[in-house]
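# Notes for the structure review
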Amino acid sequence: MSGPRLKLALEHDSSSRGGHIRDIVQELKRLHWVRGALIVAADGFVIAADLPHTVAVDPLAALAATLGRELETSAARLRRPSFCTALFSADDGTMFLAACRIGYLVVLADAQVNVQAIRGALADAVALIEAAWAPAEATG
Amino acid sequence: MPLLRRLWTPRGGRAPLTVAEALRRAEQRRREGRYTEASLLVERGLTLDPGNITAHLLAAYLHTARRATAPAKEEFRWVLGRDPNHARALLGLARIALEEGDARTCHDLLRRALRFYPDFPEAAALMEAVHARETAPSTAPSARAPRVERLRLPGTGRALIVARADGGLLASQPVADDAKDVAEAQARALRLAATALTRAGLGPLHRAIVEDGRDAVFTRTDGELVVSLALPRATDPTQGLLDVNRLWSATLHELGLAATSPAAAPSATPADTSAADSTRRVS
């Protein structure tokens, strides 16, 4: 996988996961051409966000979560594999969406962003979340 | 078992958890994506106070966050049974209705929420998406279907869908029983994505790539027409966008919407300059 990789030292200590979530968002935000990032639960609840001041967080999170659920439920209805990542591009930028155990990762980027780099970074972030959250969720 | 013991007994184990404390801790864990632990705390709260609206609402959120729609609906309905104008419960049920393809119910629930709380930002954003669905052009390039056999798929191409933005299928290749359902599902997702892009100040949607464990579906749209091409997931994004751009131009030609013939060129040959330029922009 080309492009920058997220450098995070996620511990499996559940008490520090709130900090880890913020780390993940901030690492995504630091990538080249990225304007902002957020993690939203499937119910639309914003877990962590670092977005430009011009973007209202809650409405975007609600739409991103609804979009993620739409992609998941459509795939289930059509008996197809669920989506891993999605990219939607417009004149003035691109929105990335990745499904993870605790919800969805969203990245807003400039139009000239390196798609492969962001996809790689999102895959890393999803893997980190999986590694840190799966044991605790299984315990319950 | 240690986890359960920790959640049901406060630190030090001296006094039992109060409802307020259980819910406060549940909310904290929810904020960290620790849904299982949060759910156990909510259960604890409901054991102590079965009629607690906040606990039922939190339970509904946690079910939704864990993608468990049926129990989430039950909890949202329980809340609305006690408070018919509870905006958060109305929004929660509206989102589930949208997931289930019931746009009318979703619209009604959102309207109720917005009647009492006109400045409810999440409800307003979803209402935009629902309105986009209702106002999607249904007549645009529908006069005739493109002669799909003239749209040559790239060698690795798995499926092609040509549809209107409202989900009406114009053509598919290969002809599949579920092509109509796929076109409708794509239309729903693209409308939500378009609304999200607009909310983020990025402008109208032009392209999409949706990857699952097997395929990458490359899509191009102008808000009226949708052309999507399924390729193997390992396809380079630039190549996939070039391929869908070529098919986009060929489709416009077949529909009589393009001035010049793109001649259904071979794979990786962009049919027009603007398409090639646009491809470079996103990759």
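All values reported here derive from a predicted model rather than from experimental measurement.

Let us look at the interface of chain B and chain A. Opposite the 54 residues of chain B that make contact, chain A presents 56 residues. Put simply, the parts of the chain that give the side of chain B that touches chain A at least two residues each are α2 (19-31), α3 (35-48), α4 (53-65), α6 (87-99), α8 (121-135), α9 (179-199), β3 (205-212) and α11 (273-282) of chain B. In terms of residue count, the dominant contributor to the side of chain B that touches chain A is α9 of chain B (eleven residues). Of the residues assigned to the side of chain B that touches chain A, the class counts are 27 nonpolar, nine polar and 18 charged. The sheet contact formed by strand β3 (residues 83-90) of chain A and β3 of chain B spans seven bridges and is antiparallel. Its bridge partner lying in β3 of chain B, serine 89 of chain A is registered against arginine 207 of chain B.

Residue and element names in this part refer to chain B. Assigned domains within chain B: domain 1 (2-135) and domain 2 (148-282). Tallying the contact residues gives five residues for domain 1 and five residues for domain 2. In terms of residue class, the side of domain 1 that touches domain 2 is made up of three nonpolar, no polar and two charged.

Residue and element names in this part refer to chain B. Two elements in contact, helix α5 (residues 69-82) and α6, have axes separated by 9 Å at closest approach and are oriented at 145°. Seen along the crossing, α5 lies across α6 with a hand that is left-handed. Here Thr69, Ala72, Lys73, Phe76, Val79 and Leu80 of α5 lie close against α6, whose contacting residues are Ala89, Gly92, Leu93, Ile96 and Glu99. Residues that form the contact of α5 with α6 fall into these classes: seven nonpolar, two polar and two charged.

Turning next to the confidence of the model for chain A. Low pLDDT marks regions whose predicted coordinates should not be analysed in detail. Residue and element names in this part refer to chain A. Across chain A, the average pLDDT comes to 87, with 84% of residues at 70 or higher. Between the elements of chain A, mean pLDDT differs from a low of 85, seen in helix α3 (residues 115-139), to a high of 98, seen in strand β5 (residues 103-109). Throughout residues 7-12 the model reports pLDDT below 50, and contacts reaching past four residues in sequence, or to other chains, amount to twelve contacts.

Conventions and cut-offs
- Residues numbered from 1 in each chain as written.
- Chains lettered and ligands numbered in written order.
- Predicted model: local features only at pLDDT ≥ 70, side-chain atom pairs only at ≥ 80, totals over all residues.
- Contact = placed C-beta atoms within 7 Å.
- Helix = DSSP H or I, 4+ residues; strand = E, 2+ residues; numbered from the N terminus.
- Nonpolar A, V, L, I, M, F, W, Y, C, P; charged D, E, K, R; others polar.
- Pairing = 2+ DSSP bridges.
- Domains from an automatic or database assignment.
- Axes fitted to C-alpha atoms, helices over the stretch in contact; angles between N-to-C directions.
- Left-handed = near helix turned anticlockwise from the far one by under 90°.
- pLDDT = per-residue confidence, 0-100.

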